[in-house]
Amino acid sequence: MIITKGITKAYGGTVVVDDVSIALPTRGITSIIGPNGAGKSTMLSIISRLLGMDAGTVTVDGMDVTKTPGDVLARRLSILRQDNHMSARLTVADLVAFGRYPYSKGRLTVEDKRHIDEAIAYLNLEDLRGRFLDELSGGQRQRAFVAMVLCQDTDYVLLDEPLNNLDMKHAMGMMKLMRRAANELGKTVVLVLHDINFASWYSDYIVAMKDGKVVNHGSTEDIINPDALRAIYDMNINVHEIGGQRISLFYD
Amino acid sequence: MLRLPLAAAAVFALAIVSLFVGVSDVSIASLVSGGEDGRAMMVLLISRIPRTLAIVLAGMGLAIAGMIMQMLARNRFVEPSTAGTTESAGLGLLVVLVFFPDMPLIGKMIVAAVFALAGTALFLRILREIPLRSVLLVPLVGIMLGGIISSITTFFAYRFELLQSLGSWTTGDFSSVLSGRYELLWIAAALTGAAWLAADRFTVAGMGEDFTTNLGLNYRRVMTLGLGIVSLVSATVVVTVGSIPFLGLIVPNVVSMLMGDNMRRAIPWIALLGAGFVLVCDIVGRLIRYPYEIPIGTVVGVVGSAIFLYLLLRREARYG
């Protein structure tokens, strides 16, 4: 379980994450939603120790992320941020193989190779194995990054806006994949999402943030309803039930 | 993988050619006959072999140093001479000359390495402070920083009448390499080996701080290791043969284009190509105005700046 206690982060005088204490459920998909500047990505970065915090603690299965050795945590939790500019020229297969670094430190075992092949197959990248990342489209590159993170084979997978750069088909494919990873492999997937319909359709649990604070959290039913959404986004959002799923309409 | 031994054989052949180029008559025949009291053998042992070894070691070391710089700065266009590293090493040497002129070569090298480290760290610090939008601005900042440092060096060298000694470090030159005056370069060779052992770390660092942390590596520690290797290599080369510009830029870029940036695969190629490139430039420099010599720094500078321009324009065309 990921537990944050009073995490706070400020840039200059602006508080971006403000005293957030929350426990994210284990297994299944948890989505973090909220308007721009709510502190979603910052919180994800703090949880995954990419960013230091000014106050508070984060524990993953009881391990304090700021004190646990990097490679120990890297076998338990993986993180992919958005907008990954990679200047190193690597092939897809090389990139995915580096997902095994926390285990084998570069000397790949048979077990590592199996994980690499599986991750590549999971994201349908077989045909692109030998291609360099700078020769791929934005969506293909995003899938390669996700393959690397899955290859890391951690209980917790944190993804910051994984649907960026993806068209509808691949966005849906990505979310289905996360669903499979959660169901079949028993992973805990934490996503920052902008599209509340994707969040509604695929999440088990939703955390809503606004102005650096967690303003609401609970099951999809608790969050995806007009009253709760108005409090989060300051706008009227109609929620319809279609095929047993809640779909929000916010076009005016 | 058969191509690697072939490349190694080609570099070896170039090294053999390099042994037999020069004013003094050294040929297989003169070596065998031992004429003129074994003079040919003496020239070979005291001058030619050290010179060729120096070329190979410096070429390998600088190419690897350039590669590490590029991975750490995450920019294709930095290398020790476009990041203030070389100039800082020169400033360090001047400080030694002014305050401790009798210090042995190894001491000079260490002081130069410390200055190189500080200068490179300053460069990376500046990069952190200024968010640069264009990849081309990064080397420009480095070149400016290098310009400032070397102008300070020149000013004090002028004041202390040391301009002439300074000249021997600012322009790389292998003609003064003799047995007993190049052995420090073996340090550069050892560091190349160390870089190969740590190859995966540098590839990971080249993916950026977030990826490095995610994979459980301490980014700061990888940076420190890389900077240490770059500074020591630059300092040993500047102390023994002087600065050789562009080398660390061209070789890793060519290898990256051909086979990508997975360092475990790329490092042997970068080392071989670095050695081969300097060997060719040195042979050209010795033949073009025979029996006179054009310093290696000049030859590499001319050839290198042309290739550098080509790389710049090509990259811009692709990503611009």
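Our subject is the structure that appears above.
Asks: What's the story with the overall build of chain B in this structure? I'm lost.
Replies: A tally of regular secondary structure across chain B gives 14 helices and 0 strands. Each helix and strand of chain B, placed in order from N terminus to C terminus, yields the pattern α-α-α-α-α-α-α-α-α-α-α-α-α-α. Its C-alpha atoms give chain B a radius of gyration of 20 Å, near enough to 20 Å, the size a compact globule of 320 residues would have. Structurally, chain B occupies a C-alpha span of about 65 × 55 × 35 Å along its principal axes. With 320 residues in all, chain B has 49% of them scored as buried. At a minimum sequence separation of 6, the contacts of chain B that also span at least 24 residues come to 79%.

Asks: Any chance you could explain the overall build of chain A here in plain terms?
Replies: Within chain A, the secondary structure is distributed over 10 helices and 12 strands. For 252 residues, the compact-globule estimate of 2.2 N^0.38 gives 18 Å, and chain A sits close to it at 18 Å. Dimensions along the principal axes, computed over C-alpha positions, put chain A at roughly 50 × 40 × 35 Å. Looking at the 252 residues of chain A, the share that counts as buried comes to 43%.

Asks: Mind showing me how you'd approach the sheet that holds strand 9 (residues 205-210) of chain A here?
Replies: Paired through their backbone hydrogen bonds, the strands of a sheet run either parallel or antiparallel. Residue and element names in this part refer to chain A. If you trace the 6 strands from one edge of the open sheet to the other, you get 6-7-8-3-9-10, paired in mixed fashion. Bordering the open sheet on either side are strand 6 (77-80) and strand 10 (213-218), each of which pairs with just one other strand. Ignoring strand direction, the axes of neighbouring strands in this sheet form an average angle of 15°. Here 5 bridges tie strand 9 to strand 10, and the two strands are oriented antiparallel to one another. Each bridged residue has a counterpart across the sheet, and for I206 the counterpart in strand 10 is G218. Here helix 7 (residues 168-184) sits on the sheet in contact with strand 3 (28-33), strand 7 (156-160) and strand 8 (188-192), set at roughly 135° to strand 3.

Asks: Any chance you could explain the sheet that holds strand 4 (residues 55-60) of chain A here in plain terms?
Replies: Residue and element names in this part refer to chain A. Judged by pairing direction, the sheet is antiparallel, and its 4 strands sit side by side in the order 2-1-4-5 without closing on themselves. The open sheet has two free edges, formed respectively by strand 2 (14-24) and strand 5 (63-64), since each of these has just one partner strand. Note that strand 1 (residues 2-11) and strand 4 share 5 bridges and pair antiparallel. Its bridge partner being in strand 4, I3 is matched across the sheet by T59.

Asks: Any chance you could explain the pairing of strand 2 of chain A here in plain terms?
Replies: All names here are of chain A. Pairing geometry for strand 1 and strand 2, over 7 bridges, is antiparallel. Paired with I2 across the two strands is L24, which belongs to strand 2. Hairpin connection between strand 1 and strand 2: a loop of 2 residues separates the two successive antiparallel strands, and G12 in this loop has a positive phi of roughly 60°.

Asks: Got a minute to help me understand the interface of chain B and chain A in this structure?
Replies: Often, the extent of an interface is quoted as the loss of accessible area on bringing the components together. Each side of the interface is counted separately: chain B has 21 residues, and chain A has 21 residues. Going through the elements one at a time, helix 9 (199-206) and helix 10 (209-214) of chain B are the ones with two or more residues in the side of chain B that touches chain A. In terms of residue class, the side of chain B that touches chain A is built from 5 nonpolar, 10 polar and 6 charged.

Asks: Before we go on, may I ask you to explain the packing of helix 1 (residues 3-19) of chain B against helix 13 (residues 263-287) of chain B in this structure?
Replies: When two helices pack together, their arrangement is captured by the angle between the axes and the distance separating the axes. Residues and elements named next belong to chain B. In contact at an axis separation of 10 Å, helix 1 and helix 13 are set at 25° when each is read in the N-to-C sense. Taken together, helix 1 and helix 13 sit at an angle that is classed as roughly parallel. For the pair helix 1 and helix 13, the sense of crossing is left-handed. Across the interface between the two elements, L4, A7, A8, A10, V11, L14, A15, V17 and S18 from helix 1 touch P268, L272, A275, G276, L279, V280, D282 and I283 from helix 13. Taken together, the residues that form the contact of helix 1 with helix 13 break down as 14 nonpolar, 2 polar and 1 charged.

Asks: Mind showing me how you'd approach the packing of helix 4 (residues 85-99) of chain B against helix 5 (residues 105-129) of chain B here?
Replies: Residue and element names in this part refer to chain B. Between helix 4 and helix 5, the least distance of the axes is 7 Å, while the angle of their chain directions is 140°. Accordingly, the angle class assigned to the pair helix 4 and helix 5 is oblique. Between helix 4 and helix 5 lies a crossing of right-handed hand. Between helix 4 and helix 5, the contacting residues are T85, E87, S88, A89, L91, G92, L93, V95 and V96 on the first element and K108, V111, A112, V114, F115, A116, A118, G119 and T120 on the second. Partitioned by chemical class, the residues of the contact of helix 4 with helix 5 number 11 nonpolar, 5 polar and 2 charged.

Rules used in this analysis
Residues numbered from 1 in each chain as written. Chains lettered and ligands numbered in written order. Predicted model: local features only at pLDDT ≥ 70, side-chain atom pairs only at ≥ 80, totals over all residues. Helix = DSSP H or I, 4+ residues; strand = E, 2+ residues; numbered from the N terminus. Rg over C-alpha atoms; globule rule 2.2 N^0.38 Å. Buried ≥ 20, exposed ≤ 12 C-beta atoms within 10 Å, placed from the backbone. Contact = placed C-beta atoms within 7 Å. Pairing = 2+ DSSP bridges. Axes fitted to C-alpha atoms, helices over the stretch in contact; angles between N-to-C directions. Nonpolar A, V, L, I, M, F, W, Y, C, P; charged D, E, K, R; others polar. Parallel < 35°, antiparallel > 145°, perpendicular 65-115°, else oblique. Left-handed = near helix turned anticlockwise from the far one by under 90°.

Function cannot be inferred from these measures alone, as they are strictly geometric.
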